[in-house]
Amino acid sequence: MELTKETLQEIDEVVPRYPDKRSAVLMVIHLIQDELGAISDETCEWIAEKLDIEPINVKELITFYPMLRETPWGKTHVRVCRTLPCALRGSYATCQKLEKKLGVKEGHVREDGEYSIEFMECLADCGEGPVVMVDEETYENIDEKEAGKLADLLLMGKLDDSAEFVSYEKGLLSETVTKAKKSSSKAKK
Ligand code: FES
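It should be emphasised that the depicted structure is a prediction, and the values quoted were computed from it without experimental measurement. (Residues numbered from 1 in each chain as written. Predicted model: local features only at pLDDT ≥ 70, side-chain atom pairs only at ≥ 80, totals over all residues.)

Peer 1: Would you take a moment to explain the overall build of the protein chain for this structure?
Peer 2: Regarding its fold elements, the protein chain presents eight helices and four strands. Expressed along its principal axes, the backbone C-alpha trace of the protein chain runs to roughly 55 × 55 × 30 Å. Relative to its 189 residues, the protein chain shows a buried fraction of 22%. Put simply, 58% of the contacts in the protein chain that link residues at least 6 apart link residues at least 24 apart. (Helix = DSSP H or I, 4+ residues; strand = E, 2+ residues; numbered from the N terminus. Buried ≥ 20, exposed ≤ 12 C-beta atoms within 10 Å, placed from the backbone. Contact = placed C-beta atoms within 7 Å.)

Below, the structure is given as structure tokens:
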């Protein structure tokens, strides 16, 4: 298992923050998963040795928490919320449309490794469902029809620059920039 210097350094910084080093296990798993995309058996052994625990203590966490992975997701990972508020607004149809367009079933990675879909519990934006996340970007009110358009843009590599689909995160950023510009022009007057 190869980790970057940065990740190794973060691990070395995080472990001493816990009175008992085994308590750092989830933090260490997250740091490694962020870099490698998943925690293999070899990685479980590495973590166990680092924290003086048994590999099974690491493995049981990986298999218990749904956000932890034994194999990586696709290059682009799409999450669709299936919890009640989004489900009532059509997230099941959203997910099916994305599956059809991207050519992969939820819970799986497409054969070429390009896309994966996860139909999962609440993505913490319940008032704007159906909610879809593409990697770390959140898209709101994605019903079946919108899902088709979003998938087409994604497949063409044009989703990031789309004026029609602006993620919650990008919207927030441009709002902040606009406010900052307004207040700086007021200050100049
Ligand atoms: S119910 Fe869908 S984001 Fe919470």
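Peer 1: It is not clear to me how the pairing of strand S1 (residues 76-81) should be interpreted in this structure. Could you clarify?
Peer 2: In the case of a regular strand, side chains alternate between the two sheet surfaces. Two elements, S1 and strand S2 (residues 115-120), share six bridges in a ladder whose sense is parallel. When the sheet's bridge partners are listed, Val 80 is paired in S2 with Phe 119. Note: S1 against strand S3 (residues 132-134), three bridges, orientation antiparallel. Along S3, the bridge assignment pairs Val 80 with Val 132. (Pairing = 2+ DSSP bridges.)

Peer 1: So what exactly am I meant to see when it comes to the domain arrangement of the protein chain here?
Peer 2: How large an interface is tends to be reported as the accessible area lost when its parts come together. Domain parsing of the protein chain yields domain 1 (5-64) and domain 2 (76-172). Distance between the C-alpha centres of domain 1 and domain 2: 30 Å. (Domains from an automatic or database assignment.)

Peer 1: Mind showing me how you'd approach unusual backbone geometry here?
Peer 2: Negative phi characterises most residues that are not glycine, and trans characterises most peptide bonds. Residue Gly 129 is joined to Pro 130 through a cis peptide bond whose omega torsion reads -10°. By the secondary structure assignment, Pro 130 is in the loop between S2 and S3. In this structure, Asp 52 takes a positive phi of about 55° despite not being glycine. By the element assignment, Asp 52 lies in the loop between helix H3 (41-51) and helix H4 (55-64). Using a count of 9 C-beta atoms within 10 Å as the deciding quantity, one classes Asp 52 as exposed.

Peer 1: Looking at this structure, I do not really get the environment of Thr 178. What am I missing?
Peer 2: Here Thr 178 lies in helix H8 (residues 168-188). Residue classification places Thr 178 among the exposed residues on the basis of 10 C-beta atoms within 10 Å. Each C-alpha atom, one on Thr 178 and one on Glu 45, is 49 Å from the other, the two residues being 133 residues apart in sequence.

Peer 1: Just checking my understanding: could you explain the packing of H3 against H4 for this structure?
Peer 2: As a packed pair, H3 and H4 sit with axes 8 Å apart at the nearest point and diverge in direction by 125°. Taken together, the axes of H3 and H4 are oblique relative to one another. Between H3 and H4 the crossing geometry is right-handed. Contacts between H3 and H4 involve Cys 44, Glu 45, Ile 47 and Ala 48 on the former and, on the latter, Pro 55, Asn 57, Val 58, Lys 59 and Ile 62. (Axes fitted to C-alpha atoms, helices over the stretch in contact; angles between N-to-C directions. Parallel < 35°, antiparallel > 145°, perpendicular 65-115°, else oblique. Left-handed = near helix turned anticlockwise from the far one by under 90°.)

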